[in-house]
Amino acid sequence: MDIKTNPIRSICVYCGSQPGRDPAYRESARILGHAMAESGIDLVYGGGTKGIMGAVADAVLESGGKTIGIIPEFLMDKEASRQSLGKLSELHVTNDMHERKHMMFERADAFVTLPGGIGTLEEIIEIMTWAQLGRHTKPMVFANVAGFWNPLNALLTYMTGEGFIHTAHLVRPMVIDHVEDIIPAILTRVADTGEHGGEPGVIAKL
């Protein structure tokens, strides 16, 4: 791949600050991190150095990539340690979650969601909501590791069928079972549609 012509310069990865019970979650995070770095794609993420968050960041750094951590000050000692945060390529400490989420959006050209908990779910749902409102067209992906996101995708299908998601074509992220297919899928989507933009100024007002 010619990194110079890559339209995706950075990907925001949402994922858990815990490792989860299935070793496949951490392993998938590492595979994704290596693939991003090898493609010249920066990691934008929540700054944690533990769990799946730590796994994807470590993998990016191991492969010579760039990690951009964005974390509220009150989480610095919960999802990381101040010493471990020093290894990141860039660290941005925000005042609150609201500022963190908007900075992550502004710095990312696409979004990938690995397994995680309530916080991970809330982050990708908000990005999906902004897409439904027509505020961005950046690619969104559920990394469906070991079928982790099947229950959510079933709910989204049900909600669409019941008439509550009237612009499903704008809302539905790509669902990819094998993490090694994520980067090629995102690049293909952008090449086919030319869509990887957003309106940070408008979103900041939401």
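Throughout what follows, the structure given in this document is the object of discussion. Since we're looking at a predicted model, the values are computed, not measured.

## Points about the overall build of the protein chain
- Across its full length, the protein chain carries eight helices and seven strands.
- Taken against the 2.2 N^0.38 rule, which gives 17 Å for 206 residues, the C-alpha radius of gyration of the protein chain at 16 Å falls within 12% of a compact globule.
- Considered along the principal axes of its C-alpha atoms, the protein chain spans approximately 50 × 40 × 35 Å.
- Put simply, the protein chain has 206 residues, and 47% of those count as buried.
- In the protein chain, of all internal contacts separated by at least 6 residues, the share reaching a separation of at least 24 is 74%.
- For the protein chain, the computed accessible surface area is about 9700 Å², with 53% contributed by carbon and sulfur atoms.
- Computing the positive centroid from 18 side-chain charges and the negative centroid from 25, the protein chain places the two 4 Å apart.

## Some remarks on the sheet that holds strand 2 (residues 42-45)
- Strand order in the open sheet made by the seven strands is 4-3-2-1-5-6-7, with parallel pairing throughout. Lying at the two open borders of the sheet, with one neighbouring strand each, are strand 4 (90-94) and strand 7 (174-176). For this sheet the average axis-to-axis angle between neighbouring strands, irrespective of direction, equals 25°.
- Relative to strand 7, strand 6 (residues 140-143) is paired through three bridges, and the arrangement is parallel. Along strand 7, the bridge assignment pairs phenylalanine 142 with valine 175.
- Relative to the sheet, helix 3 (residues 97-107) contacts strand 1 (10-14), strand 2, strand 3 (67-72), strand 4 and strand 5 (110-113), its axis offset from that of strand 3 by approximately 160°.

## Concerning the pairing of strand 6
- Of the two faces of strand 6, the one carrying Met140 and Phe142 and the one carrying Val141 and Ala143 are both buried.
- Relative to strand 6, strand 5 runs parallel, the two sharing three bridges. Looking at the pairing, phenylalanine 111 lines up with methionine 140 of strand 6.
- Note that the unit made of strand 5, helix 4 (residues 118-132) and strand 6 has a crossover that is right-handed.

## Let's talk about the side chain of lysine 138
- Within the fold, lysine 138 resides in the loop between helix 4 and strand 6.
- Of the side chains bearing the opposite charge, aspartate 109 lies closest to the buried lysine 138, which forms no salt bridge; the N-O distance is 5.4 Å.
- A distance of 2.7 Å separates the side chain of lysine 138 from the backbone oxygen of phenylalanine 105, its partner in a polar contact.

Cut-offs and rules
- Throughout, residues of each chain are indexed from 1 in the direction in which the sequence is written.
- Confidence filtering applies because this is a predicted model: local features only for residues at pLDDT of at least 70, side-chain atom pairs given and counted only at 80 or more, and all residues used for totals across whole chains, interfaces and linings.
- Computation of side-chain values covers all heavy atoms of the structure but excludes hydrogens and water.
- A run of DSSP states H or I qualifies as a helix once it reaches four residues; a run of E qualifies as a strand once it reaches two. Both are numbered from the N-terminal end.
- Restricting the calculation to C-alpha atoms gives the radius of gyration, and the globule rule supplies 2.2 Å times the number of residues raised to the power 0.38.
- For every residue, the accessible area (1.4 Å probe, protein chains only) is compared with the maximum for its type, and the residue is labelled buried under 20%, exposed over 50%, or partly exposed between those bounds.
- Should any heavy atoms of two residues lie within 4.5 Å, those residues are considered in contact.
- All accessibility values rest on the Shrake-Rupley procedure with a 1.4 Å probe; residue burial counts only the protein chains present in the view.
- Residues counted as positive are Lys and Arg, residues counted as negative are Asp and Glu, and His and the chain ends are not counted.
- Note on charges: their place is set at NZ of Lys, CZ of Arg, CG of Asp or CD of Glu.
- The rule for pairing is simple: two strands pair if DSSP sees at least two bridges between them.
- A fitted line through C-alpha atoms serves as each axis, taken over the contacting stretch for helices, and the angle formed by two N-to-C directions is quoted from 0 to 180°.
- Place the viewer so that the strands point away; then a crossover is right-handed whenever the path from the first strand over the helix to the second strand goes clockwise.
- What makes a salt bridge here is a side-chain nitrogen of Lys or Arg within 4 Å of a carboxyl oxygen of Asp or Glu, nothing more.
- Contacts described as polar in this section are N or O atom pairs within 3.5 Å, which, within protein, must combine one atom able to donate a hydrogen with one able to accept it, while residues neighboring in sequence count only if both atoms come from side chains.

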